[in-house]
Amino acid sequence: MPEPSAESRADARRAISVTELFTIGIGPSSSHTVGPMRAAHAFAEAALDAIQPVRVRCELFGSLSLTGRGHATDTAVILGLAGHLPDAVDPDAIPAILASVRDEGRLPLGGRVPIDFAAEDIVFSHEFLPGHPNAVRFTAADAQGEEVSRTYFSIGGGVVVEAGAALHIANAAVTHPFDSGAELLEIGEATGLSIGAIVRRNEGAWRSEGETDAFLDAVRDAMLASIERGCAAEGILPGGLNVRRRAKALHATLLARKDRAGPASVMEWISLWALAVNEENAAGGRVVTAPTNGAAGVIPAVLKYYESFVEGASPEGSRMLLATAAAIGFLYKKRASISAAEMGCQGEVGVACSMAAAGLAAVLGGTNQQIENAAEIGMEHNLGLTCDPIGGLVQVPCIERNTMGAVKAVNAAHLALHGDGSHVVPLDAVIETMRQTGDHMRSEYKETSLGGLAVNVVAC
Ligand code: SF4
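The rules behind the values
- Residues numbered from 1 in each chain as written.
- Predicted model: local features only at pLDDT ≥ 70, side-chain atom pairs only at ≥ 80, totals over all residues.
- Heavy atoms only, no water.
- Buried < 20%, exposed > 50% of the residue type's maximum accessible area, 1.4 Å probe, protein only.
- Helix = DSSP H or I, 4+ residues; strand = E, 2+ residues; numbered from the N terminus.
- Pairing = 2+ DSSP bridges.
- Contact = heavy atoms within 4.5 Å.
- Phe/Tyr/Trp six-rings, centres within 6.5 Å; stacked < 30°, edge-to-face > 60°.
- Lys NZ or Arg CZ within 6 Å of the ring centre and 35° of its normal.
- 1 Å grid on protein atoms, 1.4 Å probe; cavity = no way out; pocket = protein on both sides within 12 Å on 5 of 7 lines; lining within 4 Å.
- Points joined across faces, edges and corners; volume = space filled by probe spheres on them.
- Nonpolar A, V, L, I, M, F, W, Y, C, P; charged D, E, K, R; others polar.
- Near = heavy atom within 4 Å.
- Sits in = over half its atoms within 2 Å of the grid points.
- pLDDT = per-residue confidence, 0-100.
- Domains from an automatic or database assignment.
- Buried area = accessible area lost by both parts, 1.4 Å probe.
- Salt bridge = Lys/Arg side-chain N within 4 Å of Asp/Glu carboxyl O.
- Axes fitted to C-alpha atoms, helices over the stretch in contact; angles between N-to-C directions.

## Some words on the pairing of strand β2 (residues 53-62)
Side-chain direction in a regular strand flips from residue to residue, so the side chains alternate between the two faces of the sheet. The element β2 is largely enclosed, with a buried count of seven among its 10 residues. The pairing of β2 with strand β6 (residues 134-142) spans nine bridges and is classified as antiparallel. In the strand pairing of β6, Gly62 is matched with Asn134. Two strands pair when backbone bridges link them, and β2 and strand β5 (residues 122-124) are joined in this way by three bridges, in the parallel orientation. Bridge pairing in β5 places Leu60 opposite Phe124.

Below, the structure written as structure tokens:
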């Protein structure tokens, strides 16, 4: 597998906004569903601008091909070509859209120009393209045979980069730029601001304070809504692995329990909330990419823990939790990657755990040093975590793994608060260790389903 190119990783000097890290989309995968849908949507528009297409062909490469069927990459491509975007498409309308394309053999390119389209127009190639393990190439042709072709990389968290182009996100002159945990602590020291406050000041480069608050509130609402929907749904998850949804029954059990303060009670509630979100994700429902879809349950479960169990919890506290978590997510994006195809699951559930631990430590009253310590603990004990989903589906081990990530994040935050913030391993060192571990990890363990549980458990 080729090494990721510089263009496929976030520009270490570019300021990142919370709106890039938390996006409202659909399951089951940010890199394999959300990213390819955005790429297909962008290509449809580019092709319609250049020629009058009568046919479109899509080639999925590397990890997008190897786990593409289980991660619904093929259906995401059809939806994107048909003019749909992950944050706007109605998850309940997707089966009908796909059935219409399949039954009629026609697809409304860009939502407006009907073209012939068959399942064979999506090709799964096991080849890895130079640049990034998640690559997709689209080629459109008109009636005279003139062609337009574009290649895109899905680099994690739903972000898409066109091959040969720089990341198409404008930089912004933020008030307090930071590229490392050490710089973040220095800014806090110099200004007296908390990590969450630094992030919210910086967001002023993109929008007003009120608009940032409204965005964070919308993220919070979407996270809690995914918990609610997950706790109400039952049945078997799609994909053929026959995984039964557990959240609804567990929710009923916890509600019926007389002893609400039993020895494992808090942990069981946290696990329930993470299960609920990731079952929604696996079912293709609406979730918040935080920072990826596979890890979408960790931060909502910790947020819900804060709102349910912490005395004095407030809407402002929830905003601070999310803003602080985002600061940590920025560091992983800048200094490593949040793509499982590059880092394994340490880059998904590990990063979400680190972010959630920091966010919780902040709203529990932690100093910046304690918050940085919580983030470091959250990752240190996820180092080396592989990505080996059975059948290429974001179900096993993914759904339960989010419960582990959430519980670990709560533990990390509380552990950090028992100290004074001083600790042996700086956050920057653990991020660098994650990056090196990811680079050294064999591709069998990086979202290819060619190793680990994926080959030792028979998917039926
Ligand atoms: S194992 Fe982890 S990284 Fe891989 S698909 Fe599942 S949640 Fe995502």
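## As for the environment of Met379
Take Met379: it is sitting in helix α15 (residues 368-380). Taking C-alpha positions, Met379 is 7.6 Å from Gln346, a pair spaced 33 residues apart along the chain. Every residue in contact with Met379, bar those within four places of it in the chain, is listed here: Tyr332, Gln346, Gly350, Val351, Ser354, Val430 and Met434.

## What to know about the packing of aromatic side chains
Tallied over the full model, the rule gives six aromatic pairs. Geometrically, the ring pair formed by Phe43 and Phe138 is stacked, given 5.2 Å between the ring centres and 15° between the ring planes. Linking Phe43 in helix α2 (residues 30-50) with Phe138 in strand β6, this pair joins segments that are 95 residues apart in sequence. Here Phe138 falls in the buried class, since its relative accessible area comes to 0%. The rings of Trp269, Trp273, Tyr305 and Phe309 are connected pair by pair, giving a single aromatic cluster. Across the ring face of Phe124, the terminal group of Arg69 is positioned such that the distance to the ring centre comes to 3.8 Å.

## A few points about empty space enclosed by the protein
Going through the model one piece at a time under the given rule, you end up with three cavities of 30 Å³ or more. Taken as a whole, the largest cavity encloses approximately 150 Å³ of empty space. In terms of lining, the largest cavity is formed by 15 residues, of which the most central are Gly294, Glu348, Cys387, Val394 and Cys398. For the lining of the largest cavity, the residue count by class is eight nonpolar, three polar and four charged.

## Some thoughts on the site of the ligand
As a structural note, the neighbourhood of the ligand is formed by Gly294, Ala340, Cys345, Glu348, Cys387, Cys398 and Arg401. A molecule is said to occupy a pocket when more than half its atoms come within 2 Å of that pocket's grid points, and by this definition the ligand occupies the largest cavity.

## Some remarks on helix α4 (residues 73-81)
Helical geometry note: an α-helix holds 3.6 residues per turn, so side chains three or four residues apart project in the same direction. Extensive coverage of α4 is indicated by the burial of seven of its nine residues. Buried residues of α4: Thr73, Ala76, Val77, Ile78, Leu79, Gly80 and Leu81, and no others. A positive phi of about 95° marks Gly83, the residue just after α4.

## Describing the confidence of the model for the protein
With 96% of its residues at a pLDDT of 70 or more, the protein shows a mean pLDDT of 94. Throughout residues 1-8 the model reports pLDDT below 50, and contacts reaching past four residues in sequence, or to other chains, amount to 25 contacts.

## Concerning the pairing of strand β3 (residues 106-109)
On β3, burial follows the alternation: Leu107 and Leu109 on one face are buried, whereas Arg106 and Pro108 on the facing-out side are not. Here β3 runs beside strand β4 (residues 113-116); their pairing, made up of four bridges, is antiparallel. From the neighbouring strand, Leu107 faces β4, where its bridge partner is Ile115. As consecutive antiparallel partners, β3 and β4 are separated by three residues, and within that stretch Gly110 has a phi angle of approximately 65°, a positive value.

## Regarding the domain arrangement of the protein
Here the protein is partitioned into domain 1 (29-162) and domain 2 (181-456). The gap between the C-alpha centroids of domain 1 and domain 2 is 29 Å. Across the boundary between the two partners, domain 1 contributes 23 residues, which contact 24 residues of domain 2. Both faces combined, the contact of domain 1 with domain 2 buries some 1,500 Å², and carbon together with sulfur accounts for 54% of it. Summed over the shared surface of domain 1 and domain 2, the number is zero salt bridges. Among the secondary structure elements, those contributing two or more residues to the side of domain 1 that touches domain 2 are α2, α3 (63-66) and β7 (147-156).

## Description of the sheet that holds β7
The sheet built from five strands is open, its strands ordered β5-β2-β6-β7-β8 with mixed pairing. Single-partner strands in this sheet number two, and they are β5 and β8 (159-162). When strand polarity is set aside, the average angle formed by the axes of neighbouring strands in this sheet is 25°. Relative to β7, β6 runs antiparallel, the two sharing seven bridges. Bridging across to β7, Thr139 finds its partner in Ser149.

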